[in-house]
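Each chain is listed here by its residues.
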Amino acid sequence: MLFFDLETLGHHIEYLYHIIDYRLKNTHHPRFIFVMHPDVLPYLHQLTGIDKFNPNSVKIIHPRQRDLNSLQKASSPLRRSELEFSLLHKILRAYNVRRCYLLHFNRFQFSVGLPRFKKFPAKLRGILFNPLGDNGSYIPFSITKFRKCLQLLWCLQNRQLEHLYILNNSTLAEKLNKRIFCSRFFISLPDPILTSVHSRFQTSNRCSILPPSDKCRYLLFGSISRRKGIFLLFEALKYLPANIVENIEIILAGKVVQSDANSVLESLFLLRKTVPNLHIEYLNHFLSYQDLSGLFSNVDCVLVPYLGNESSSGVLGHAAFHNKPVIGPARGLIGHLITSYQLGIALNRFDPRDLATAIAGFYKSNPSYWDTSGMELYVKEHSSFQFVHKMIKN
């Protein structure tokens, strides 16, 4: 079987790691073949602690640089989808693969439905992120949902497509299966947590990228963008009372999305002028996984002020493993997970004033006495083994 993902973002790296780790621990399986961007390999070495994989168990394939350049220069997302799928087609034929897993199926929805790819050389399965939900864009949700329904119908024309996996949402998987009169086409997968990695790096609570502090720390982690609620957070911080501002820190950790970069920097500059006593630590770079574990160990609360309503988030897993409460919206999948597992504070109204009230309220409470039993259950039910085993079983 072959696993294909050319993305270089955090959770894509982590999914590749989970699958590789599963194969290394379950030696009875045939060889797993991976097609990935060459920039990802150093992170996989860091995560696994292995400098070189045995090609008889884990075969790594990197596309040629000229193919990667062609994808980068594609004139549109649809054109890139077609070029990337054509590249996959060639690799499958070269290695005589019978089943292929597309770990970012969203990119291929257009290509899978094209007539020339209906006689594909392998059975297809894929992870579909945010199948029908709002992704936090300016486009009205009703239009987004209608478009996504059409995309699903388009790709379902390809009879080589066996399963689509949805993260953390068994209710939606069941609903979609009823719509297409099929009991097991859409399958819910647990969004896996880097349990073994965090355990390996959690030898000490010392964090090399944050200085010691006795203030209450709030963390916004991941890609920094409008969609992930950065501007909502900036507005909320302006409503905090002076006595709260003096006793908290805001940690922003992650790369800024290019399209929002200028606006984020400008808003951050204005915020620092408006609330000069608020300490904001801005880590604008990709963190090593050792730093990631240290970071979560040394904050008190994790912020997930996302504007979309149906996406899952790996940040919940990082927070749950380190027993850190989150503050997020009550709506959508994120809200359902926060409420169901008691992962933190879920706000019915998610505007700047309400977010500010929640941040202040968390500080006034005693974070050290937060009930973590729900977080422990969440970690247990979102293991790496369950994620991979459910994906690859027939």
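Below is a short write-up of the structure.

The rules we used
- Residues numbered from 1 in each chain as written.
- Predicted model: local features only at pLDDT ≥ 70, side-chain atom pairs only at ≥ 80, totals over all residues.
- Heavy atoms only, no water.
- Pairing = 2+ DSSP bridges.
- Helix = DSSP H or I, 4+ residues; strand = E, 2+ residues; numbered from the N terminus.
- Axes fitted to C-alpha atoms, helices over the stretch in contact; angles between N-to-C directions.
- Contact = heavy atoms within 4.5 Å.
- Patch = residues over 30% accessible without salt bridge, like charges linked within 9 Å, V, L, I, M, F, W, Y side chains within 5 Å.
- Areas by Shrake-Rupley, 256 points an atom, 1.4 Å probe, with all protein chains shown as cover.
- Salt bridge = Lys/Arg side-chain N within 4 Å of Asp/Glu carboxyl O.
- Buried < 20%, exposed > 50% of the residue type's maximum accessible area, 1.4 Å probe, protein only.
- Phe/Tyr/Trp six-rings, centres within 6.5 Å; stacked < 30°, edge-to-face > 60°.
- Lys NZ or Arg CZ within 6 Å of the ring centre and 35° of its normal.
- Disulfide = S-S within 2.5 Å.
- Parallel < 35°, antiparallel > 145°, perpendicular 65-115°, else oblique.
- Left-handed = near helix turned anticlockwise from the far one by under 90°.
- Nonpolar A, V, L, I, M, F, W, Y, C, P; charged D, E, K, R; others polar.
- Core = buried A, V, L, I, M, F, W, Y, C linked by side-chain atoms within 4.5 Å.
- Expected span 1.5 Å × (residues − 1).

Regarding the sheet that holds strand 12 (residues 326-329)
Reasoning step 1: With parallel pairing, the six strands of this open sheet are ordered in space as 10-9-8-11-12-13. The outermost strands of the open sheet, each flanked by one partner alone, are strand 10 (279-283) and strand 13 (344-347). The average undirected angle you get between the axes of adjacent strands in this sheet is 20 degrees.
Reasoning step 2: Inspection of the sheet shows strand 9 (residues 248-253) paired to strand 10 by five bridges, in the parallel sense. Bridged to Leu 252 within strand 10 is Tyr 282.
Reasoning step 3: The strands touched by helix 12 (residues 289-297) within the sheet are strand 8 (216-221), strand 9, strand 10 and strand 11 (301-303), with strand 8 carrying the most contacts at an inclination of about 140 degrees.

Quick word on a nonpolar patch on the surface
Reasoning step 1: A cluster of nonpolar side chains, Phe 146, Leu 150 and Leu 153, forms an exposed patch at the surface whose accessible area comes to about 330 Å².
Reasoning step 2: Following the sequence through the fold, Phe 146 ends up in helix 6 (residues 141-155).
Reasoning step 3: Overall, Phe 146 belongs to the exposed group, its relative accessible area being 56%.

Observations regarding the pattern of salt bridges
Reasoning step 1: Applying the stated criterion across every chain, the model contains 14 salt bridges.
Reasoning step 2: A salt bridge links Glu 7 to Arg 107; the shortest N-O distance between them is 2.2 Å. One end of the pair, Glu 7, is in the loop between strand 1 (2-5) and helix 1 (10-25); the other, Arg 107, is in the loop between strand 4 (99-102) and helix 5 (109-112), with 100 residues separating them in the sequence.
Reasoning step 3: When its relative accessible area of 13% is taken as the criterion, Glu 7 is described as buried.

Thoughts on the packing of aromatic side chains
Reasoning step 1: A full pass over the atoms with the stated rule returns 18 aromatic pairs.
Reasoning step 2: On the basis of an interplanar angle of 75 degrees and a centroid distance of 6.4 Å, the ring pair of Phe 117 and Phe 120 is categorised as edge-to-face.
Reasoning step 3: Look at Phe 117 and you get buried, because its relative accessible area is 3%.
Reasoning step 4: Within the aromatic cluster, the residues linked to one another by ring pairs are Phe 4, Phe 85, Phe 108, Phe 117 and Phe 120.
Reasoning step 5: The lysine or arginine in question, Lys 228, covers the ring of Tyr 306, its NZ or CZ lying 5.2 Å from the ring centre.

Remarks on the state of the cysteines
Note on terminology: disulfide describes a covalent bond linking the sulfur atoms of two cysteines.
Reasoning step 1: Enumeration over the complete set of coordinates arrives at zero disulfides.
Reasoning step 2: We note that Cys 155 lacks a disulfide partner, and the nearest cysteine sulfur, in Cys 149, lies 11 Å from it.

Here we look at the packing of helix 13 (residues 314-321) against helix 16 (residues 373-381)
Reasoning step 1: Where helix 13 contacts helix 16, the axes come no closer than 8 Å and their chain directions differ by 120 degrees. Compared by their axis directions, helix 13 and helix 16 come out oblique. Crossing hand, helix 13 versus helix 16: left-handed. Facing Leu 316, Gly 317, Ala 320 and Phe 321 of helix 13, the residues of helix 16 in contact are Met 375, Tyr 378 and Val 379.
Reasoning step 2: Considering only residue class, the contact of helix 13 with helix 16 consists of six nonpolar, one polar and no charged.

Side note on the pairing of strand 3 (residues 58-61)
Strand residues, when the strand is regular, have side chains that alternate between the two faces of the sheet.
Reasoning step 1: Across four bridges, the pairing between strand 2 (residues 32-36) and strand 3 is parallel. Note that in strand 3 the partner of Ile 33 across the bridge is Lys 59.

Looking at the nonpolar core
Soluble, globular proteins show a tendency: their nonpolar side chains are buried together.
Reasoning step 1: In terms of nonpolar packing, the biggest core is built from 64 residues, with Leu 295 and Met 391 touching the most fellow members.
Reasoning step 2: It is helix 1 that contributes the most residues to this core, seven residues altogether.
Reasoning step 3: Apart from residues no more than four positions distant in its own chain, Met 391 is found in contact with Phe 3, Ile 19, Tyr 101, Leu 103, Arg 125, Ile 127, Tyr 165 and Leu 189.
Reasoning step 4: Ranked by size, the runner-up nonpolar core spans 37 residues in total, among them Ala 122, Cys 155, Leu 164 and Phe 186.

Side note on the environment of Thr 195
Reasoning step 1: One can find Thr 195 in helix 8 (residues 195-201).
Reasoning step 2: Each C-alpha atom of the pair Thr 195 and Val 379 lies 7.8 Å from the other, and the pair is 184 residues apart in sequence.
Reasoning step 3: Beyond its immediate chain neighbours, meaning those up to four positions away, Thr 195 contacts Phe 321 and Val 379.

Overview of helix 4 (residues 77-95)
Reasoning step 1: Taking 1.5 Å per residue, 19 residues should reach 27 Å; helix 4 reaches 27 Å between its end C-alpha atoms and fits that length.
Reasoning step 2: Those residues of helix 4 that sit buried are Arg 80, Ser 81, Glu 82, Glu 84, Phe 85, Leu 87, Leu 88, His 89, Ile 91 and Leu 92.

Description of the environment of Leu 83
Reasoning step 1: For Leu 83, the position within the fold is in helix 4.
Reasoning step 2: The exposure class of Leu 83 is partly exposed, given its relative accessible area of 25%.
Reasoning step 3: Spatially, the C-alpha atom of Leu 83 lies 6.7 Å from that of Leu 71, the residues being 12 residues apart in sequence.
Reasoning step 4: Apart from the residues within four sequence positions on either side, Leu 83 is in contact with Ser 70, Leu 71 and Ala 74.

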